[in-house]
Amino acid sequence: MYTIGQVAEMFGLPVSTLRYYDKQGLFPGLERTSGIRRFGDTELEALRVIECLKKAGMEIKDIRLFMEWCAEGPSTYPKRKAMFEERKAHMESEIAKMNRVLDMLKFKCWYYEQAIQDGNEDRLEALIPDDLPEEIKGSYENAHAR
């Protein structure tokens, strides 16, 4: 069993966040000894899932709904799976967007490295888009995809 301070340190979260989660009902089986919260393995795993879902853009009210479904038992497996499938699709879309941003940054780093070497952009402007070197062409194309 862990104290709230230990769990906060383990997860890099403020104690106030854990208290908030508790008040929101995200740790339904949380034990208390003389009013002190005691986190066990169940709560630690719940916190891993909560933090995952938060990072995936899910609101606390929806995370609470997920926790309620968990408490309801196996009949909610399809709902839980659908929730995770939706979040997975959302994250895949976000990652694709971020990869386009990263590819633009890669392309621009390459571009300005070349411009520094050449002392101007004339040669580079003539290369875009069809004659770019293979090592940068994919980044350029992904960055400019619609």
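Residues numbered from 1 in each chain as written. Predicted model: local features only at pLDDT ≥ 70, side-chain atom pairs only at ≥ 80, totals over all residues. Heavy atoms only, no water.

In the annotation of an unreviewed UniProt entry, the protein is listed under the name DNA-binding transcriptional regulator, MerR family and assigned to Parafannyhessea umbonata.

## Concerning the nonpolar core
Counting 23 residues, the largest nonpolar core has Leu18, Tyr21, Phe27 and Ile63 as the members making the most contacts within it. Those elements giving two or more residues to this core turn out to be α1 (4-11), α2 (15-23), α3 (41-55) and α4 (60-72). Looking at which element gives the most residues to this core, the answer is α3, with six residues. Ignoring sequence-local partners within four residues, the contact set of Ile63 consists of Leu26, Ile50, Leu53, Lys54 and Met58. Within the second largest apolar cluster, nine residues are counted, among which are Trp110, Leu127, Leu132 and Tyr140. (Core = buried A, V, L, I, M, F, W, Y, C linked by side-chain atoms within 4.5 Å. Buried < 20%, exposed > 50% of the residue type's maximum accessible area, 1.4 Å probe, protein only. Helix = DSSP H or I, 4+ residues; strand = E, 2+ residues; numbered from the N terminus. Contact = heavy atoms within 4.5 Å.)

## A short note on the packing of aromatic side chains
For the coordinates displayed, the defined rule picks out eight aromatic pairs. Judged by centre distance (6.4 Å) and plane angle (55 degrees), the rings of Tyr20 and Tyr21 are tilted. Assessed through its relative accessible area of 1%, Tyr21 is described here as buried. With centroids separated by 5.4 Å and ring planes inclined at 80 degrees, the aromatic side chains of Phe27 and Phe39 adopt a geometry described as edge-to-face. Note that Phe27 is positioned in the loop between α2 and β1 (31-33) and Phe39 in the loop between β2 (36-38) and α3, a separation of twelve residues in sequence. (Phe/Tyr/Trp six-rings, centres within 6.5 Å; stacked < 30°, edge-to-face > 60°.)

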